[in-house]
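Letter by letter, the chains look like this.
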Amino acid sequence: MYVKEVTVQNQVGLHARPATFFIQKANEFNSFIWVEKDERRVNAKSLLGVLSLGIVGGATIKITADGADEKQAVDALVKLVDSGFTD
């Protein structure tokens, strides 16, 4: 299991379009991936799950993965969030 925390850089947070980019990136990996905010954890490959967290700009989230490519998955998602969803 591999875990990292990251602060959401873009102003709108993980809503609609940025959440779609996040989920598309998560689906590139075979590992089980979760995103967590305020003690709530959802499947990072689920659009409804990610949107249900109500992640706004400036929020800190935790990304966790478990599987063969867990480190690559978490690092790629952290990079995407850090970029403001421009990568």
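Each value, and the rule that gives it
- Residues numbered from 1 in each chain as written.
- Predicted model: local features only at pLDDT ≥ 70, side-chain atom pairs only at ≥ 80, totals over all residues.
- Heavy atoms only, no water.
- Pairing = 2+ DSSP bridges.
- Helix = DSSP H or I, 4+ residues; strand = E, 2+ residues; numbered from the N terminus.
- Salt bridge = Lys/Arg side-chain N within 4 Å of Asp/Glu carboxyl O.
- Core = buried A, V, L, I, M, F, W, Y, C linked by side-chain atoms within 4.5 Å.
- Buried < 20%, exposed > 50% of the residue type's maximum accessible area, 1.4 Å probe, protein only.
- Contact = heavy atoms within 4.5 Å.
- Axes fitted to C-alpha atoms, helices over the stretch in contact; angles between N-to-C directions.
- Phe/Tyr/Trp six-rings, centres within 6.5 Å; stacked < 30°, edge-to-face > 60°.
- Lys NZ or Arg CZ within 6 Å of the ring centre and 35° of its normal.

Draft legend 1. Broad picture of the pairing of strand β4 (residues 60-66). Relative to β4, strand β1 (residues 2-7) is paired through six bridges, and the arrangement is antiparallel. Bridging across to β4, V3 finds its partner in T64. With five bridges joining them, strand β2 (residues 32-37) and β4 adopt antiparallel strand pairing. Paired with E36 across the bridge in β4 is K62.

Draft legend 2. Region of the structure containing the pattern of salt bridges. Taken as a whole, this structure holds five salt bridges when the rule is applied. Where K4 meets D75, a salt bridge forms, and the shortest distance between an N and an O atom there is 3.0 Å. Remark: D75 occurs in helix α3 (residues 70-82) and K4 occurs in strand β1; sequence separation between them is 71 residues. Among the salt bridges present, the one from R41 reaches E36, with a minimum N-O distance of 3.8 Å. If you follow the salt bridges from partner to partner, you end up with K4, K71 and D75 in one network.

Draft legend 3. Quick peek at the nonpolar core. Core analysis: the biggest nonpolar cluster contains 26 residues, and F22, I33, V35, V50, I55 and I63 have the highest contact counts within it. Elements with a contribution of two residues or more to this core: α1 (16-26), β2, β4 and α3. Of all the elements, α3 adds the most residues to this core, at six residues. Apart from the residues within four sequence positions on either side, V35 is in contact with F22, R40, R41, V42, A44, V50, L53, I55, I61, K62 and I63.

Draft legend 4. Summary view of the sheet that holds β4. Pairing is antiparallel across the open sheet formed by four strands, whose spatial order is β1-β4-β2-β3. Each edge of the sheet is formed by a strand with only one pairing partner; in this case those strands are β1 and β3 (40-43). Here the average twist between neighbouring strands, direction ignored, is 25 degrees. Taken strand by strand, α3 contacts β1, β2 and β4, and its axis lies near 0 degrees from that of β1.

Draft legend 5. Highlighting the packing of aromatic side chains. Applying the stated criterion across every chain yields a total of one aromatic pair. Where F32 meets W34, the ring centres are 6.4 Å apart and the plane angle is 20 degrees; that geometry is what we call stacked. Here F32 falls in the exposed class, since its relative accessible area comes to 59%. We classify W34 as partly exposed; its relative accessible area is 22%. When the ring centre of W34 is taken as origin, the NZ or CZ atom of R41, which lies over that ring, is 4.8 Å away.

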